[in-house]
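Residue-level structural notes
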Amino acid sequence: MGESELAGPGADLRHQERTFALTAVEHHAPIVGSAPSPLLWAGEQDTRAFAERLARQPGIADAFIALHGNLGAGKTTLVRHLLRALGAEGRIKSPTYAVVEPYELPGLAAWHFDFYRFDDPREWEDAGFRDIFAAPGLKLAEWPEKAAGLLPVPDVDVHIALEDDERRRVTLRANTPRGRELLS
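All of these numbers come straight from a predicted model, not from anything done at the bench.

**Thoughts on the side chain of Arg-168**
Tracing the chain through its elements places Arg-168 in strand 7 (residues 168-174). Within the buried core, Arg-168 has no salt-bridge partner, and the shortest N-O distance to an opposite charge, that of Asp-164, equals 5.4 Å. Engagement of the side chain of Arg-168 in a polar contact is seen with the backbone oxygen of Ala-73, the distance being 2.5 Å. A polar contact is formed between the side chain of Arg-168 and the backbone oxygen of Asp-164, at a distance of 3.1 Å. Excluding anything up to four places from it in sequence, Arg-168 contacts Leu-39, Leu-40, Trp-41, Gly-72, Ala-73, Gly-74, Ile-160, Ala-161, Leu-162 and Glu-163.

Structure below.
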């Protein structure tokens, strides 16, 4: 029998798969969630609903989610709802002064970072953040721009902007295949 035209060296097939995947993303960005997706959250119930949907995604267990927004935008509120949806009990506080709060959740570990007061890149090494980001588990980081150049590429960037006292304009950007899965 003749050889298939699809058969060939492994490197060619990997190249074809990569090219196909990139093409699919470019043409179907709204479907897979790779392009910014502006949302309007009318109140905290919308934040909770988004967090609950996100918590049901299998990839959340090893995701890195970066949260951007001004003070009071709702970054910590989103984290609280997400951690609750993942099974956290007890008080969930902002790690503004501690920089990181660890959580042992059913079936996964999670770390909530707040880099608002982060000033010295040496803190990164001294605190063992490189090891945390290399380990399995969910990483949620507020004010990631304060640790720019030290953090890995987030799977998802969440930008939250105040519209008024209750409403938030939210833009989601998937930066990785895991991020696209989380937002699909």
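And the narrative resumes.
**Structural notes on unusual backbone geometry**
For Val-99, which is not glycine, the phi torsion reads 75° and is therefore positive. The phi angle at Trp-143 is positive, at roughly 55°, despite the residue not being glycine.

**So, the pattern of salt bridges**
Two side chains of opposite charge can pair, provided their charged atoms sit close to one another. Overall, the coordinates contain four salt bridges when judged by the stated rule. The shortest N-O distance in the salt bridge between Lys-93 and Glu-101 comes to 3.7 Å. The salt bridge involving Asp-164 is made with Arg-167; its shortest N-O contact spans 3.0 Å. Given the relative accessible area of 35%, Asp-164 is considered partly exposed.

About the criteria used
The residue count restarts for each chain, going from 1 along the sequence in the order it is written. pLDDT decides what is reported in this predicted model: residues at 70 or higher carry local features, side-chain atom pairs at 80 or more are listed and counted, and totals for whole chains, interfaces and linings draw on all residues regardless. Excluded from the side-chain calculations are hydrogens and water; all other atoms, namely the structure's heavy atoms, are used. Strands are runs of DSSP state E lasting at least 2 residues, helices are runs of H or I lasting at least 4, and numbering of each runs from the N terminus. Classification of residues uses two cut-offs on accessible area relative to the type maximum, computed with a 1.4 Å probe and protein chains only: under 20% is buried, over 50% is exposed, and between them is partly exposed. Charge assignment in this entry is limited to Lys and Arg as positive and Asp and Glu as negative, and neither His nor the chain termini are counted. Think of a salt bridge as a Lys or Arg side-chain nitrogen and an Asp or Glu carboxyl oxygen that are within 4 Å of each other. Pairs of N or O atoms within 3.5 Å make up the polar contacts considered here, provided that, within protein, one atom can donate a hydrogen while the other can accept it, and that residues adjacent in sequence are counted only when both atoms are side-chain atoms. Residue contacts are counted whenever heavy atoms from the two residues lie within 4.5 Å of one another.

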